[in-house]
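# Architecture at a glance
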Amino acid sequence: MSTVTRRKHVLREMLEDDYELPKNGQQIVRIVASRGNNLHEVETAETETENFLVTMPTKFRRNVWVKRGDYVLVEPIEEGDKVKAEICKILTTEHIKEYTKAGIWPEYFKNGTYANNNVKDTCDEKVEELEEKFNEISRLSPNRNRLKDLEECETESTSSEDDT
């Protein structure tokens, strides 16, 4: 099977509308950090949050990416001391909505980190700060690498001197 075909099937499997609930032994966790070599550190939703490593199965490697803050469904594995589980499904926002409706979404994850509004507000604040900084910098001096801009700036400064 070619890599394109394999990728197509993996993505179709991940994005299908089979909002199958977790089976016995499977657990919903949040990615805390990527540790390299297809390992990710995750945290559980239990009262005593436990961080451990999970591995990305071969079918997901180079086809699907996860980042900090994403939610995944993991299945425990027996071998290894540090790596305790394997990712079996990467959860999308639709999965999260269905799990919340079914009442199995962990309460720990409901409070704050999943709220897209918090992320959006933070991003909006950062954009505003960057726009303000850009406007301050653009007012300071012209770009000396652009002759056209430099000439316009010099003509503006000489015309203002002539007016006085």
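Scroll up a little and you will see the structure.
Analysis parameters
- Residues numbered from 1 in each chain as written.
- Predicted model: local features only at pLDDT ≥ 70, side-chain atom pairs only at ≥ 80, totals over all residues.
- Heavy atoms only, no water.
- Core = buried A, V, L, I, M, F, W, Y, C linked by side-chain atoms within 4.5 Å.
- Buried < 20%, exposed > 50% of the residue type's maximum accessible area, 1.4 Å probe, protein only.
- Helix = DSSP H or I, 4+ residues; strand = E, 2+ residues; numbered from the N terminus.
- Phe/Tyr/Trp six-rings, centres within 6.5 Å; stacked < 30°, edge-to-face > 60°.
- Patch = residues over 30% accessible without salt bridge, like charges linked within 9 Å, V, L, I, M, F, W, Y side chains within 5 Å.
- Areas by Shrake-Rupley, 256 points an atom, 1.4 Å probe, with all protein chains shown as cover.
- Salt bridge = Lys/Arg side-chain N within 4 Å of Asp/Glu carboxyl O.
- Lys, Arg positive; Asp, Glu negative; His and termini not counted.
- Charge placed at Lys NZ, Arg CZ, Asp CG, Glu CD.
- Pairing = 2+ DSSP bridges.
- Axes fitted to C-alpha atoms, helices over the stretch in contact; angles between N-to-C directions.
- Arc of directions from axis to C-beta.
- Contact = heavy atoms within 4.5 Å.

In terms of nonpolar packing, the biggest core is built from 14 residues, with Val-54, Val-72, Val-74 and Ile-87 touching the most fellow members. Counting residues per element, this core draws most heavily on strand E5 (residues 83-90), which supplies three residues. Residues Tyr-71, Leu-91, Ile-96 and Phe-109 belong to the second largest nonpolar core, which totals eight residues.

The next thing to look at is unusual backbone geometry. Leaving glycine aside, a negative phi is the common case for residues, and trans is the common case for peptide bonds. Of note in this structure, Asn-37 is not a glycine but carries a positive phi near 55 degrees. Position of Asn-37 among the secondary structure elements: in the loop between strand E1 (27-36) and strand E2 (39-43). Even without being a glycine, Asn-38 presents a positive backbone phi close to 60 degrees. Tracing the backbone shows Asn-38 in the loop between E1 and E2. Its relative accessible area of 30% is what places Asn-38 among the partly exposed residues.

One pass over the structure, following the stated rule, counts four aromatic pairs. The interplanar angle of 50 degrees and the centroid separation of 6.0 Å between the aromatic rings of Trp-105 and Phe-109 together place this pair among those described as tilted. Residues Trp-105 and Phe-109 agree in their burial class; the two are buried.

The next point concerns a negative patch on the surface. Together, Glu-125, Glu-128, Glu-129, Glu-131, Glu-132 and Glu-136 make up a negatively charged patch on the protein surface. Overall, the relative accessible area of 48% leaves Glu-136 in the partly exposed class.

Turning our eyes to something else, we now look at the sheet that holds E2. The mixed closed barrel is built from five strands, whose spatial order is E1-E2-E3-E5-E4. The mean angle between the axes of side-by-side strands here comes to 55 degrees, regardless of whether they run parallel or antiparallel. As paired elements, E1 and E2 share five bridges and run antiparallel to each other. For Ala-33, the partnering residue across the bridge sits in E2 and is Glu-41.

Residues of helix H2 (residues 93-102) that are buried: His-95, Ile-96 and Tyr-99. Summarising the axial view, the buried residues of H2 lie within an arc of 100 degrees, below the 170-degree limit, and thus occupy one face. Seen from the buried face of H2, the exposed residues on the opposite side, beyond 90 degrees, are Lys-97 and Lys-101. A positive phi of about 80 degrees marks Gly-103, the residue just after H2.

By the element assignment, Gln-27 lies in strand E1. Along the sequence, Gln-27 and Val-72 sit 45 residues apart, while their C-alpha atoms lie 8.3 Å from each other. Excluding its chain neighbours within four sequence positions, the residues that come into contact with Gln-27 are Thr-44, Glu-46, Phe-52, Val-72, Leu-73 and Val-74.

What follows covers the pairing of strand E4 (residues 71-76). Here E1 pairs with E4 via four bridges, running antiparallel. Residue pairing for E4: Val-29 is matched across the bridge by Val-72. Of the strand pairs in this sheet, E4 and E5 are connected by five bridges, and their pairing is antiparallel. Bridge pairing in E5 places Val-74 opposite Ile-87. Counted along the chain from E4 to the antiparallel partner E5, the turn is six residues long, and its residue Gly-80 has a positive phi close to 90 degrees.

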